[in-house]
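An overview of the molecular structure
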Amino acid sequence: MPLTDNAAVDGYAFAHADYVERDGRFEVSDRIAAGHPLATGLTPGRAARIFTGAVMPAGADTVAMQEDCEVREKGTAALVVIPPGLKSGANRRRAGEDVRAGEVILHPGRVLRPQDIAAAASLGRGDLLCKVRLRVAVFSTGDELVEPGAAIREGQVYDSNRAMLKALAEPLGISVDDLGCLADDYPTVEAALSNAARDYDVLITSGGASRGEEDHVIDVLGALGERHMWQLAIKPGRPMTFGRIGDAAFFGLPGNPVAAFVCFLLYVRPALFQLQGANWQEPARFPLPATFDIPKKKANRREFLRGILTERDGTPAVTKFARDGSGLITGLREADGLIEIAEDVREVHAGDTVAFIPFSEFGI
Ligand code: AMP
Ligand code: MG
């Protein structure tokens, strides 16, 4: 790609050796438009009128832009005067300059971006063999939750996690079904999860994954399938769990929206890529100076703060969303990414370097 040498501009094509010899003055012998290659080569000693994307005729190696040329009549023929200084090969695209014959442009596991699709199409591939979309079911749990749009009473909160998780998962090329909100009741959770495990590749719940008497996700997971992990040394997100129910992978996220968000990005997202057969890259951490203090951080726990890009002494720096609390969706909305504080760190002072993960690393 491209298949042949072709003109990069509208203008005149000629042999550079002639251009030097003839002081840039040519009779124009042929006209070559895109899609209409010349059957014969360029008439020796002549120039051809040529248009962008038209095949370079045999014998021509250089093109002058029409804006730079002067055209004069000479009897019935046109004479073109090309200014000096053009290098051999100017304004010519070479065959294979985009992609060489035999070059591999897409490897298995690639998540197709618009530019990859363009590249495949440019090489004549109208169909690509792709993995089947992963089928993911999303549930909320909690007696206090109500559907956005419905009336709300004291003691209730609108369910924001389901809409958020669906919006996080769908751009990964996944088919996501919203299976509603489950009451805090063992038989309800059990029936819903065991049914869904037959129809879906992955189940994701939020809420009900802690140790409280009203939390049933952990017990149901243990009874129906297998729990592989529960409780991570992170903040927010400690109640996170994962395992398997039948053939379905299971992720139990915390109910607090910020925790559910962080756990999805850091742990569920890579798993969804992997389960789809897609390649996955660890999100890049950018070292930036902090503009805040954390006088006393708990040891043996990794913390993720909502980070906002700012400036310190004229250079990029990161500040944290002022309020802690894993229910504050405002912090997610105002943040540019996450600040990661490692397990062994006990205190942070303004000016210390911290790891910043921009949301763009998660494609959001
Ligand atoms: P849980 O993990 O069930 O103990 O819930 C922790 C907190 O998150 C509680 O304040 C819940 O009301 C809240 N929460 C749980 N699920 C959701 C949800 N889907 N949308 C908004 N808030 C939720
Ligand atoms: Mg709950």
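The text that follows walks through the structure, step by step, so that each part is easy to find. Small disclaimer: the values here were computed from a predicted structure and weren't measured.

Let's shift gears to the site of ligand 1. Around ligand 1, a shell composed of 14 residues is seen, among which Glu-144, Asp-159, Ser-160, Gly-208 and Gly-255 lie nearest. In isolation ligand 1 exposes 490 Å². Once the protein is present, 75% of that is buried. A per-class count over the shell around ligand 1 returns 4 nonpolar, 8 polar and 2 charged.

Bringing the sheet that holds strand β17 (residues 248–253) into the picture now. Strand order across the open sheet formed by 6 strands is β12-β9-β13-β17-β16-β14, with mixed pairing between neighbours. The sheet terminates laterally at β12 (175–182) and β14 (226–230), the two strands that pair on one side only. Taking the axes of each pair of neighbouring strands and ignoring which way they run, one obtains an average angle of 20° across the sheet. By the bridge criterion, 5 bridges tie strand β13 (residues 202–206) to β17 in an arrangement that is parallel.

Before going further, it helps to spend a moment on the pattern of salt bridges. Under the criterion given, the structure shown has 19 salt bridges. Note that Asp-159 and Arg-162 form a salt bridge whose closest N and O atoms lie 2.8 Å from each other. We classify Asp-159 as buried; its relative accessible area is 5%. Assessed through its relative accessible area of 7%, Arg-162 is described here as buried. In the salt-bridge network here, residues are joined through shared partners; they are Glu-282, Arg-285, Arg-302, Glu-340 and Glu-343.

This next bit is on the environment of Ala-259. Its place among the elements puts Ala-259 in helix α6 (residues 257–275). Measuring from C-alpha to C-alpha, the distance between Ala-259 and Pro-236 comes to 4.9 Å, with 23 residues separating the pair along the chain. Ignoring anything within four residues of it in the chain, the contact list for Ala-259 reads Pro-236, Gly-237, Pro-254 and Ser-326.

What counts and how
- Residues numbered from 1 in each chain as written.
- Chains lettered and ligands numbered in written order.
- Predicted model: local features only at pLDDT ≥ 70, side-chain atom pairs only at ≥ 80, totals over all residues.
- Heavy atoms only, no water.
- Near = heavy atom within 4 Å.
- Areas by Shrake-Rupley, 256 points an atom, 1.4 Å probe, with all protein chains shown as cover.
- Nonpolar A, V, L, I, M, F, W, Y, C, P; charged D, E, K, R; others polar.
- Pairing = 2+ DSSP bridges.
- Helix = DSSP H or I, 4+ residues; strand = E, 2+ residues; numbered from the N terminus.
- Axes fitted to C-alpha atoms, helices over the stretch in contact; angles between N-to-C directions.
- Salt bridge = Lys/Arg side-chain N within 4 Å of Asp/Glu carboxyl O.
- Buried < 20%, exposed > 50% of the residue type's maximum accessible area, 1.4 Å probe, protein only.
- Contact = heavy atoms within 4.5 Å.

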